[in-house]
Amino acid sequence: MLKDLFGKKRKFATVPSVSMTQEVPTVEPKEVPEGLMHKCSHCGTIHYSKDLEKNLRVCKGCQHHFPLSSPERVQSLLDNGSFTEEFDANLISDNPLNFPGYEDKLEQDRSKTNLNEAVITGEGLLQGMPVVLGVMDSRFRMGSMGAVVGEKITRAIERAIERKLPFILFSASGGARMQEGMISLMQMAKTSAALAQMENERLLFISVLTHPTTGGVSASFASLGDINIAEPGAQIGFAGRRIIEQTIRQELPKDFQTAEFLLKHGQLDMVVHRKDMRDTLGTLVALHTHREGE
Ligand SMILES: [Zn+2]
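In the annotation of an unreviewed UniProt entry, the chain is listed under the name Acetyl-coenzyme A carboxylase carboxyl transferase subunit beta and assigned to Brevibacillus laterosporus LMG 15441. In its Subcellular location (unreviewed entry) section, UniProt records this for the chain: "Cytoplasm". Under the UniProt heading Subunit (unreviewed entry), the entry covering the chain gives this text: "Acetyl-CoA carboxylase is a heterohexamer composed of biotin carboxyl carrier protein (AccB), biotin carboxylase (AccC) and two subunits each of ACCase subunit alpha (AccA) and ACCase subunit beta (AccD)."

Structure representation (structure tokens):
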């Protein structure tokens, strides 16, 4: 069922459509030398892979934002060498429902990504200011949220509370992890409860929604930021387009579920180009840190 959702979403994006299954894991098209060159699937511009990396994986031709891996994201944001210790790096999913083949898929993703799960969390310095940061990685089980993802995010929030630090979370997720069923859905409540506690402590939570942020992740922590930011062109939504159209019996606008559409309709605070993300977050954290010190 989850696959159906993705299939439908793929068809409508007006932001030059990004197929999650084709584009997220690797981005090497066949017609150019693998690893060395990268052809933009949206405008056809050919980049040297190194140039694309330097440009934070944003196409110079059309400004399309390709997914960043979680380590790349951390590197693009935090002060060099300040993210020294990943929180809970050893937490690994088991197979609570004995879902056939789940362990094998986890193992494949672990070896493909060098990550243990679809989110990394830790503490580091953003322009000299300490923050707790979480970054989801869509290469790992499409960034879906199972028990470990929910637990790592919850613990990161709890550490931010303990240390009285701002929490910044980059989401990239297909939603709840179907192989963990209800346990996966429970993570929505757990993470939201932890964020409510953070709010009670008057601590800053900035949610950054990147392509794609859908399903149970969009319906829980990703939408609960004091400030909600998205990257240009990101697909953000809960259910797929066709399901909604069939339910409400109306045709949806072409740019429905894009970051720009959501900004226009008041569901986001900002859409921020990747090259400006670090400075924008730095400014926001500085503003709020100053207030706390007053
Ligand atoms: Zn392009």
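Continuing now.
Further remarks concern the overall build of the chain. Secondary structure summary: the chain contains 11 helices and 9 strands in total. Burial statistics for the chain: of 294 residues in total, 52% are counted as buried. Of the contacts formed within the chain by residues at least 6 apart in sequence, a portion of 69% connects residues at least 24 apart. Of the roughly 14,100 Å² that the chain leaves accessible, carbon and sulfur atoms contribute 52%.

With that settled, consider the coordination of the zinc ion. At 2.3 to 2.4 Å from the zinc ion lie its protein donor atoms, namely C40 (SG), C43 (SG), C59 (SG) and C62 (SG). Each of the 4 donor atoms around the zinc ion contributes to a set of angles spanning 100 to 113°, which defines the coordination as tetrahedral. Mapping the donors of the zinc ion onto the primary sequence gives the spacing C-x2-C-x15-C-x2-C. Taken together, the residues C43 in the loop between β1 (37-39) and β2 (46-48) and C59 in the loop between α3 (49-54) and α4 (70-77) connect sequence positions 16 residues apart.

This part covers helix α6 (residues 147-163). Between the first and last C-alpha of α6 there are 24 Å, a value that for 17 residues agrees with the 24 Å anticipated at 1.5 Å per step. Along α6, the residues that are buried comprise V148, V149, G150, K152, I153, T154, A156, I157, A160 and I161. Buried residues in α6 make contact with β3 (119-126), β4 (129-136), β5 (167-173) and α7 (181-200). Where α6 terminates, the next one or two residues include K164, which has phi positive at roughly 55°.

Assignment of secondary structure puts N95 in the loop between α4 and α5 (102-113). Reaching out from N95, the side chain makes a polar contact with the backbone nitrogen of F99 at a distance of 2.8 Å. If sequence neighbours within four positions are ignored, N95 has contacts with Y102 and E103.

A separate point is empty space enclosed by the protein. Considering all chains together, one arrives at 3 cavities of 30 Å³ or more under this definition. Its boundaries defined by the atoms lining it, the largest cavity holds a volume of some 120 Å³. Taken together, 16 residues form the lining of the largest cavity, with P67, L68, R73, T210 and H211 sitting closest to its centre. Looking at the lining of the largest cavity, the element that brings in the most residues is β5, giving 3 residues. The residue inventory of the lining of the largest cavity, partitioned by class, reads 7 nonpolar, 5 polar and 4 charged.

Under the UniProt annotation, "binding site: Zn(2+)" (unreviewed entry) lies at C40, C43, C59 and C62. What stands out for the annotated residues spanning 23 residues is how close their C-alpha atoms remain, the widest pair being 8.7 Å apart. If we skip the residues at most four places from it in the chain, C43 touches C59, G61 and C62. Discounting residues that sit within four places of it in the chain, C62 has contacts with C40, H42 and C43.

All chains considered together, the criterion is met by 2 aromatic pairs. Centroid distance F167 to F205: 5.4 Å. Interplanar angle 20°. Geometry classified as stacked. Linking F167 in strand β5 with F205 in strand β6 (residues 205-214), this pair joins segments that are 38 residues apart in sequence. Cation over ring: R159 sits above F87, and NZ or CZ is 4.3 Å from the ring centre.

Here we come to the nonpolar core. Counting residues in each nonpolar core, the largest one holds 60 residues, and the members touching the most others are F167, I168 and L281. Excluding its chain neighbours within four sequence positions, the residues that come into contact with I168 are L126, V131, V132, L133, G134, I206, V208, L281 and V285.

Moving on: the pattern of salt bridges. By the definition in use, this model includes 19 salt bridges. Salt-bridge contacts for R73 lead to E231; the nearest nitrogen and oxygen are separated by 2.8 Å. Of this pair, R73 sits in helix α4 while E231 sits in the loop between β7 (227-230) and β8 (236-237), placing them 158 residues apart in sequence. Of the charged contacts, one joins R163 and E123 as a salt bridge, the two residues approaching to 2.2 Å between their closest N and O atoms. Placement of R163 in helix α6 and of E123 in strand β3 is noted, with a sequence separation of 40 residues between them. The class for R163 is partly exposed, based on a relative accessible area of 39%. Taken together, the salt bridges that share partners define one network made up of D88, E151, R155, R159 and K190.

Parameters at a glance
- Residues numbered from 1 in each chain as written.
- Predicted model: local features only at pLDDT ≥ 70, side-chain atom pairs only at ≥ 80, totals over all residues.
- Heavy atoms only, no water.
- UniProt positions renumbered as here; feature names shortened; annotations may be inferred.
- Helix = DSSP H or I, 4+ residues; strand = E, 2+ residues; numbered from the N terminus.
- Buried < 20%, exposed > 50% of the residue type's maximum accessible area, 1.4 Å probe, protein only.
- Contact = heavy atoms within 4.5 Å.
- Areas by Shrake-Rupley, 256 points an atom, 1.4 Å probe, with all protein chains shown as cover.
- Donors = N, O, S within 2.8 Å, 3.2 Å for Na, K, Ca; no water.
- Tetrahedral: all angles 85-135°; square planar, octahedral: opposite > 155°, others 65-115°.
- Expected span 1.5 Å × (residues − 1).
- Polar contact = N/O pair within 3.5 Å; in protein donor to acceptor, adjacent residues only side chain to side chain.
- 1 Å grid on protein atoms, 1.4 Å probe; cavity = no way out; pocket = protein on both sides within 12 Å on 5 of 7 lines; lining within 4 Å.
- Points joined across faces, edges and corners; volume = space filled by probe spheres on them.
- Nonpolar A, V, L, I, M, F, W, Y, C, P; charged D, E, K, R; others polar.
- Phe/Tyr/Trp six-rings, centres within 6.5 Å; stacked < 30°, edge-to-face > 60°.
- Lys NZ or Arg CZ within 6 Å of the ring centre and 35° of its normal.
- Core = buried A, V, L, I, M, F, W, Y, C linked by side-chain atoms within 4.5 Å.
- Salt bridge = Lys/Arg side-chain N within 4 Å of Asp/Glu carboxyl O.

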